[in-house]
Amino acid sequence: MLFAVTALSFLLLNLLPGDPTIAILGPAAGNSAAHDQLRKELHLDQSVPQRYVHWLGRALHGDLGESYSTNQSVASAIGQRLPLTLELVILAELLALAIAIPLGVFAARRPNGWFDRLTGTSTFALLALPSFMLGVLLVYLFAVKWHIFPATGTGTWFHIGNGVVGTPGSLTLPIITLAAGQLAVFGRLLRTEMVATLRSDFILASRSKGIPQWRILFFHALRPSSFTLLTVLGITAAGLVGGSIIVEQLFALPGMGSLLVESILKRDYLVVQGCVVLISAAFVLFNFFVDLVYAVLDPRIRYGTVSA
Amino acid sequence: MLMAIGVLVGACSTSTDSGGSATTVAAGPPKAGGTLTVGLDAETDGWNPSNSQWAGAGYYVAQSIFDPLMTFGADNKPHPYLAQSLTPNADFTQWTMKLRPGIKFQDGEPLNAAAVVLQLNKNKASALVGQAYGPFKSATAVDDLTVRIDMSTPWSAFPAALTGQGGYLAAPKQLNATGSAATDKPIGTGPYSFKEWVRDDHLTVVKNPSYWRKGLPLLNQITYKVIVDPQSRLNSLQAGQLDYEYDNTAANIVQAKNNKNLTVIQQDLDQPTMVMLNTAVAPLNDLRVRQGLAYATNVQQLIDTVGQGMPKQADGPYQPGSPWYAPSGYPLKPDLAKAKSLIDAYKSDHHITGDLKFTLACTPTTSNNQSMQLIKSQWAKVGVDVTRKTEEQATYINDALLGKYQANCWTYLGSKDPDIDAIWMFSSNANPPGQLALNFPRIKDPAIDQAYLAARKTDVQATRAAEYAKVWKKLAAEVPYLWTTHLHNALIFRNNVQGIQDFTLPDGSKPPPLVHATTVAPLLNVWLS
Amino acid sequence: MALFQPDEATGVDRDPEAAADAEVVISAGARTSRTDHGKPVRTGARLDIVFWLSVLWVAAVLFSALFANVLHLQPTDTPSGPPSAGPSWAHPFGTDNIGLDLFSLCVHGARMATIIALSTAALGIVVGGLSGLVAGFYHGVIEQVLMWVTDVMLAFPALVFALAVVSFAGASLTTVVITIAVLGIPGFARVGRALTLSHSQRPFVMASQAMGARKSRTMFREVLPNVIVPVATYAALAAALAIIAEGALAFLGLSAPDVVDWGAMINQGKDQLYQAPQAAFAPMLVMFLTIVSLNFLGERLGAVLDPRQGQL
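About the thresholds
Residues numbered from 1 in each chain as written. Chains lettered and ligands numbered in written order. Predicted model: local features only at pLDDT ≥ 70, side-chain atom pairs only at ≥ 80, totals over all residues. Heavy atoms only, no water. Helix = DSSP H or I, 4+ residues; strand = E, 2+ residues; numbered from the N terminus. Buried < 20%, exposed > 50% of the residue type's maximum accessible area, 1.4 Å probe, protein only. Contact = heavy atoms within 4.5 Å. Areas by Shrake-Rupley, 256 points an atom, 1.4 Å probe, with all protein chains shown as cover. Patch = residues over 30% accessible without salt bridge, like charges linked within 9 Å, V, L, I, M, F, W, Y side chains within 5 Å. Salt bridge = Lys/Arg side-chain N within 4 Å of Asp/Glu carboxyl O. Disulfide = S-S within 2.5 Å. Pairing = 2+ DSSP bridges. Axes fitted to C-alpha atoms, helices over the stretch in contact; angles between N-to-C directions. Core = buried A, V, L, I, M, F, W, Y, C linked by side-chain atoms within 4.5 Å. Expected span 1.5 Å × (residues − 1). Bend = angle between axes of the 7 residues up to and from the residue. pLDDT = per-residue confidence, 0-100. Parallel < 35°, antiparallel > 145°, perpendicular 65-115°, else oblique. Left-handed = near helix turned anticlockwise from the far one by under 90°. Polar contact = N/O pair within 3.5 Å; in protein donor to acceptor, adjacent residues only side chain to side chain. Phe/Tyr/Trp six-rings, centres within 6.5 Å; stacked < 30°, edge-to-face > 60°. Lys NZ or Arg CZ within 6 Å of the ring centre and 35° of its normal. Nonpolar A, V, L, I, M, F, W, Y, C, P; charged D, E, K, R; others polar.

Caption draft 1: Region of the structure containing the overall build of chain C. Helix and strand counts for chain C stand at 11 helices and 0 strands. The order of α-helices and β-strands along chain C, N terminus first, is α-α-α-α-α-α-α-α-α-α-α. Across the 312 residues that make up chain C, the buried fraction comes to 56%. Partitioning the intrachain contacts of chain C with sequence separation of at least 6 by distance along the chain shows that 70% fall at a separation of at least 24. Here chain C has roughly 12,600 Å² of accessible surface; of this, 68% comes from carbon and sulfur atoms.

Here is the structure:
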């Protein structure tokens, strides 16, 4: 799977018109001697399959190559950007879960009750609000009109190793923007599953045993209902690593998403390739992790035992 | 209509400052200390003068770490800066440069003739910078502080070439380094030493205590932050996360002017924006079409709407007030009847019924999109139906180089010395479409070549200006460019940032007025009150 | 990550993934009607006022798309009013910072939205749905191959793909439309397959096969009609997602420049928040209402059709 994705991306990138050497040399690429020289240095005069094999060989040894434009190693370029994106993604997912779980649980308590309808409607509305819309709205309200939060993420940074990490204050608006969409999906999903679970026999049994409502909700019903949530969490988190590009652009955050875009625009093939590898690997890793969690949790539920 | 393009070497000339009266009320005597945070509009790929690609943003950083050998004065002539003197022989085929004694690079290496020879020769050999070094043949160290430079043909404007990227001096240690150390760890003679660089985020420099200009700099540290989106950059400035930034978006300039916490210095630069026409492909290869478009374009409407009334209309690369300006005869007001008749003449010759169609391309900024919309509707009135296209920067430059375009939004020319722009105009650089060429519109005019070469044989400003005047008239007659406006830029900073206008050259003279200088203001004399 | 990843719910089934995809239509937001102890649960799905309002809005969008050029609206390329003006009779949504009429721009923008929505749905149903149908029915190598291709497409970062293609072929109407439609195909394929799988277990299908009908005949005559409706319901949701995706591309500056486009308007509007916030809010409102309406339609239709699924 990983091979297929990387091969596909390598092929796609090299089909692009536009020459990385021109991105490097700029207008000076008019000097054809210099231009050819640089192409040779970057191995761009070889055929595409040749270059892919060459790249693959190095990649398997952990060497993802160097950026055409900056000569920085791809690994370190990604390493500089990754902490910020990871922080963004993790905090956004945590926020989304923190809101979605209680919301979903209480909505499921009384299906079609007023709370359920209210959250149903608002999450529905949130689903229709893509990140670029919500982000602009938040910037307008909080930065332009009310001057509460900074409009860009360039607040104080901490440094972890080579990379940058932002303070929660400067990342507030971006995190909210990212979390909102996730929250809606998680909340609705959880509510649906919970409603179904709450009707099953073992819940009935717990109720008849006199176990208090809140315990039932959070300890007995939540766990079996959260498989879906876990799956979706895994998929979306992996996707966010490369897909938070809009939020990064809007709030001027130097994360993985903007690295991807800039590298594509600069035809910095090796950097893009490295990012694709990372994102696909994250995808595979997350799915694997989720499967693992299933294997751990599943046997207990399959036999309908009332868990402690 | 304004677009930032990484232009080569001298087109963005070096830092210069105003000699006029300060726009802010001085708040007591300058005091030392503090950190200045500067917002830049783009990241730069590296800090090696001989092979990195510096545009405006890059120069802000470069001028703190390096010094240029020459820089422009208020008389629009290059004055020695890091060099002590630069004198030519009688026919400008040989130059002698004398260096100031006792200057050291930030790593302790001495500034001597050997270091200069190393830098100049590396520049000549570089694909990027070598373009601007045309007639340069070789540099030799005569003694420890004297360098002799030999030209292959007369070049009176050589000092001007040393005011831009081609004149910044890096230490031999950096120039001789291999790999990323050559670009990521800059060492110069400048007022600040490089401290750290996190790409696309920030770059920090700290005060150089043994800077050769005594008493300077005043700040302890400068942090440069890269915020590409102009709105975000301005927001950061207003929120206090930045102290200083520059912007050419009309809406932002208006917004900044309304903010009492900010000081705004508006600039009308020489550098023009234009629609560049590819004279080597149809239908733009017909003079009537180009002239027709010139008469059809209503520049005033663009100024009033997209520019919000601020920029000034251009009829050539320089504006009135510049020693290089001369009226060119380019039509400043639209004449729809004339435009239509020219276009119709072309159409009937080529049996075209209906609208004349071709493509107009720009980079996708908001102002560009708005300008393109307006231009399209203006041209529609004379029977031209233009298809708009947007491309991102790398493809855009690519297409211009290869001549794979018909009409483009562009901005360049107007350098402090017109000779710096010669490389864009020579017919020898006008390879046909499909091949790389620096002469983007593919102008092939021997008269233009001769004018530039003649101007290199003398250093009398009036004589050179007369030669260039011929070029401007030719450009207005041949219409490879539809001139729109000169760049209207603003330097925006918090009220406690002082000293922006206080820069002077080592020989005591004043730099060009900030209002007409480049977008890169020198920050050498800045202090915080 | 794909832009159209169907939410995966687990189920106690032979093929958890397929059962999950089958729930996509429902789990994306509709009230579930999962039965319990044989008792049908009230779904609360009625064709109520909100449903008809959504229909009305979508109709308005379609109408705008078809007749924008014929209606007597202000021009979209020349300033027709004072810059940064608020709403008025002459300019119901106000003007942007150079004086273009926002109402007229929004109406014209409906064309792009409609084109994107329809082409994504069409291509998705035809290519994706059909592949899913074939995969779910024929099993074996065909299924493996088709699903493997789908997985690779889903794993491939959608944005990289879109960026790369739009850079390759230039940001034109055709390019953008095709790119987004292609991104939607894997989602339809998975839904199609899942529904096919769940339907192919049904007695009536098995009966048809037991009677000796050829596989393809069974596929087209028995399974397809039952699969097509839930897939079409998914199409409404996919259309909404496609509009969002196109808006995102436009927001990054990659929309077709000669076509009026809500996403591009929002992108330009964000640079005018201080002077003319209506330049961002007008297209945002219109786009939001369109997406919400499509989601409503998809959800309500899915819920209404639900009982039929449960009965067989």
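Further notes follow.
Caption draft 2: Spotlight on a nonpolar patch on the surface. Residues and elements named next belong to chain C. A contiguous nonpolar patch, built from Phe 63, Leu 66, Phe 67, Val 70 and Leu 71 and spanning about 500 Å² of accessible area, is present on the exposed surface. The topology assignment puts Val 70 in the loop between helix 3 (49-67) and helix 4 (102-138). Overall, the relative accessible area of 61% leaves Val 70 in the exposed class.

Caption draft 3: Structural context of the state of the cysteines. Residues and elements named next belong to chain B. Under the criterion given, the structure shown has 1 disulfide over all chains. Across a sulfur-sulfur distance of 1.6 Å, Cys 362 and Cys 409 are joined as a disulfide pair. Residue Cys 362 is found in strand 13 (residues 356-362), and its partner Cys 409 is found in strand 15 (residues 407-411); the two are separated by 47 residues along the sequence. The class of Cys 409 is buried, set by a relative accessible area of 10%.

Caption draft 4: Fine view of the sheet that holds strand 13 of chain B. All names here are of chain B. Pairing is mixed in the open sheet, where 10 strands are placed in the order 8-9-10-1-11-16-12-15-13-14. A strand with exactly one partner marks an edge of an open sheet, and here the two such strands are strand 8 (192-198) and strand 14 (384-390). Between one strand axis and the next, the sheet turns through 25 degrees on average, direction left out of account. With 6 bridges joining them, strand 1 (residues 35-40) and strand 10 (residues 221-226) adopt parallel strand pairing. Note that in strand 10 the partner of Val 38 across the bridge is Tyr 224. Along the sheet, helix 6 (residues 230-239) contacts strand 1, strand 11 (244-247), strand 12 (262-277) and strand 16 (481-494); its crossing angle with strand 11, the most-contacted strand, is approximately 150 degrees. Where helix 7 (residues 250-257) meets the sheet, its contacts fall on strand 11, strand 12 and strand 16, and the angle it forms with strand 12 comes to roughly 170 degrees.

Caption draft 5: Up close: helix 1 (residues 56-65) of chain B. Residue and element names in this part refer to chain B. Across the 10 residues of helix 1, 10 count as buried, placing the element largely inside the fold. Along helix 1, the positions that sit buried rather than exposed are Gly 56, Ala 57, Gly 58, Tyr 59, Tyr 60, Val 61, Ala 62, Gln 63, Ser 64 and Ile 65. Where the residues of helix 1 are buried, they touch strand 1, strand 8, strand 9 (202-207), strand 10, strand 11 and strand 16.

Caption draft 6: Inspection of the nonpolar core at higher detail. Formed by 191 residues in total, the largest nonpolar core has its most connected members in Trp 379 and Tyr 481 of chain B. The leading source of residues in this core is helix 8 (residues 168-198) of chain A, at 13 residues. Discounting residues that sit within four places of it in the chain, Trp 379 of chain B has contacts with Val 275, Leu 293, Ala 296, Thr 297, Phe 358, Val 384, Val 386 and Leu 482 of chain B.

Caption draft 7: Region of interest: the side chain of Gln 370 of chain B. Its place among the elements puts Gln 370 of chain B in helix 11 (residues 366-380). Excluding anything up to four places from it in sequence, Gln 370 of chain B contacts Val 306 of chain B together with Asp 96, Asn 97, Ile 98, Gln 268 and Gln 272 of chain C.

Caption draft 8: A look at helix 5 (residues 74-109) of chain A. Look at helix 5 of chain A: 50 Å from first C-alpha to last across 36 residues, which is about the 52 Å you get at 1.5 Å a residue. Along helix 5 of chain A, the largest kink reaches about 35 degrees and is centred on Leu 82 of chain A; proline Pro 83 of chain A follows within four residues of it.

Caption draft 9: Up close: the sheet that holds strand 6 (residues 136-143) of chain B. Residues and elements named next belong to chain B. Spatially, the 4 strands line up as an open sheet ordered 4-5-7-6, and their pairing is antiparallel. Edge positions in the sheet fall to strand 4 (83-88) and strand 6, since each has one partner strand and no second. When the angles between neighbouring strand axes are averaged without regard to direction, this sheet yields 20 degrees. Strand direction decides the pairing type here: strand 5 (residues 94-99) and strand 7 (residues 146-151), joined by 5 bridges, are antiparallel. Note on strand 7: the bridge partner recorded for Thr 96 is Arg 148. In the packing of helix 2 (residues 113-125) onto the sheet, contacts are made with strand 5, strand 6 and strand 7, and the angle to strand 6 comes to roughly 170 degrees.

Caption draft 10: Inspection of the confidence of the model for chain A at higher detail. All names here are of chain A. Looking at chain A, the pLDDT average stands at 75 and 77% of residues meet or exceed 70. Within chain A, no element has a lower average pLDDT than strand 1 (residues 157-160), which sits at 51, and none a higher one than helix 6 (residues 114-127), at 87. Predicted confidence is poor over residues 301-308, with pLDDT under 50, and the contacts of this stretch with residues over four places away or in other chains come to 10 contacts.

Caption draft 11: Fine view of unusual backbone geometry. Residue Leu 216 of chain B is joined to Pro 217 of chain B through a cis peptide bond whose omega torsion reads 0 degrees. Mapped onto the elements of the fold, Pro 217 of chain B is located in the loop between strand 9 and strand 10. Of note, the bond from Ala 282 of chain B into Pro 283 of chain B is cis; its omega dihedral lies within 30 degrees of zero at -10 degrees. Turning to its location among the elements, Pro 283 of chain B is positioned in the loop between strand 12 and helix 8 (287-296). Of note, the phi angle at Asn 112 of chain A is positive, near 70 degrees, even though the residue is not glycine. Its location among the elements puts Asn 112 of chain A in the loop between helix 5 and helix 6. For Asn 112 of chain A, a relative accessible area of 32% puts it in the partly exposed group. In this structure, Phe 92 of chain B is a non-glycine residue whose phi angle is positive, near 60 degrees.

Caption draft 12: Fine view of the packing of helix 6 of chain B against helix 7 of chain B. Residues and elements named next belong to chain B. For the pair helix 6 and helix 7, interaxial distance at closest approach is 10 Å and the crossing angle is 10 degrees. Taken together, the axes of helix 6 and helix 7 lie roughly parallel to each other. At the point where helix 6 passes helix 7, the crossing takes the right-handed sense. Between helix 6 and helix 7, the contacting residues are Pro 230, Gln 231, Leu 234, Asn 235 and Gln 238 on the first element and Asn 252, Gln 255 and Ala 256 on the second.

Caption draft 13: Focus on the pattern of salt bridges. Residue and element names in this part refer to chain B. Inspection of the entire model under this criterion finds 18 salt bridges over all chains. Notably, a salt bridge pairs Asp 268 with Lys 312, separated by 3.1 Å at the nearest N-O pair. Of the two residues, Asp 268 sits in strand 12 while Lys 312 sits in the loop between helix 9 (299-304) and helix 10 (336-349), which places them 44 residues apart along the sequence. Relative accessible area serves as the criterion here: at 11%, Asp 268 is assigned to the buried category. Classification of Lys 312 as partly exposed rests on a relative accessible area of 44%.

Caption draft 14: View of the side chain of Lys 376 of chain B. Tracing the chain through its elements places Lys 376 of chain B in helix 11. A polar contact is formed between the side chain of Lys 376 of chain B and the backbone oxygen of Val 386 of chain B, at a distance of 3.0 Å. Discounting residues that sit within four places of it in the chain, Lys 376 of chain B has contacts with Asp 385, Val 386 and Arg 388 of chain B together with Asp 258 of chain C.

Caption draft 15: Examining the packing of aromatic side chains more closely. Inspection of the entire model under this criterion finds 38 aromatic pairs over all chains. Here Phe 132 of chain A and Phe 251 of chain C contribute two aromatic rings whose centre-to-centre distance is 5.5 Å and whose plane-to-plane angle is 25 degrees, an arrangement assigned as stacked. Of this pair, Phe 132 of chain A sits in helix 7 (residues 131-145) while Phe 251 of chain C sits in helix 9 (residues 215-251), which puts the two residues in different chains. For Phe 132 of chain A, a relative accessible area of 1% gives the class buried. Here a set of aromatic residues connected by ring pairs shows up, and it is made of Tyr 396, Trp 410, Tyr 412, Trp 424, Phe 440, Tyr 481 and Trp 483 of chain B. One residue, Arg 233 of chain B, lies across the ring of Tyr 246 of chain B, its end atom 5.6 Å from the ring centre. Of note, Lys 270 of chain C hangs over the ring of Phe 251 of chain C, and the distance from its end group to the ring centre comes to 5.4 Å.

Caption draft 16: Here's a closer look at the packing of helix 8 of chain B against helix 10 of chain B. All names here are of chain B. Packing of helix 8 against helix 10 leaves a shortest axis separation of 8 Å and a crossing angle of 155 degrees. Viewed along their axes, helix 8 and helix 10 adopt a mutual orientation that is roughly antiparallel. Note that helix 8 runs across helix 10; the crossing there is left-handed. Contact residues: helix 8 offers Arg 288, Val 289, Gln 291, Gly 292, Leu 293, Tyr 295 and Ala 296, while helix 10 offers Leu 336, Lys 338, Ala 339, Leu 342, Ile 343, Ala 345, Tyr 346 and Asp 349. Within the contact of helix 8 with helix 10, the residues separate by chemical class into 10 nonpolar, 2 polar and 3 charged.

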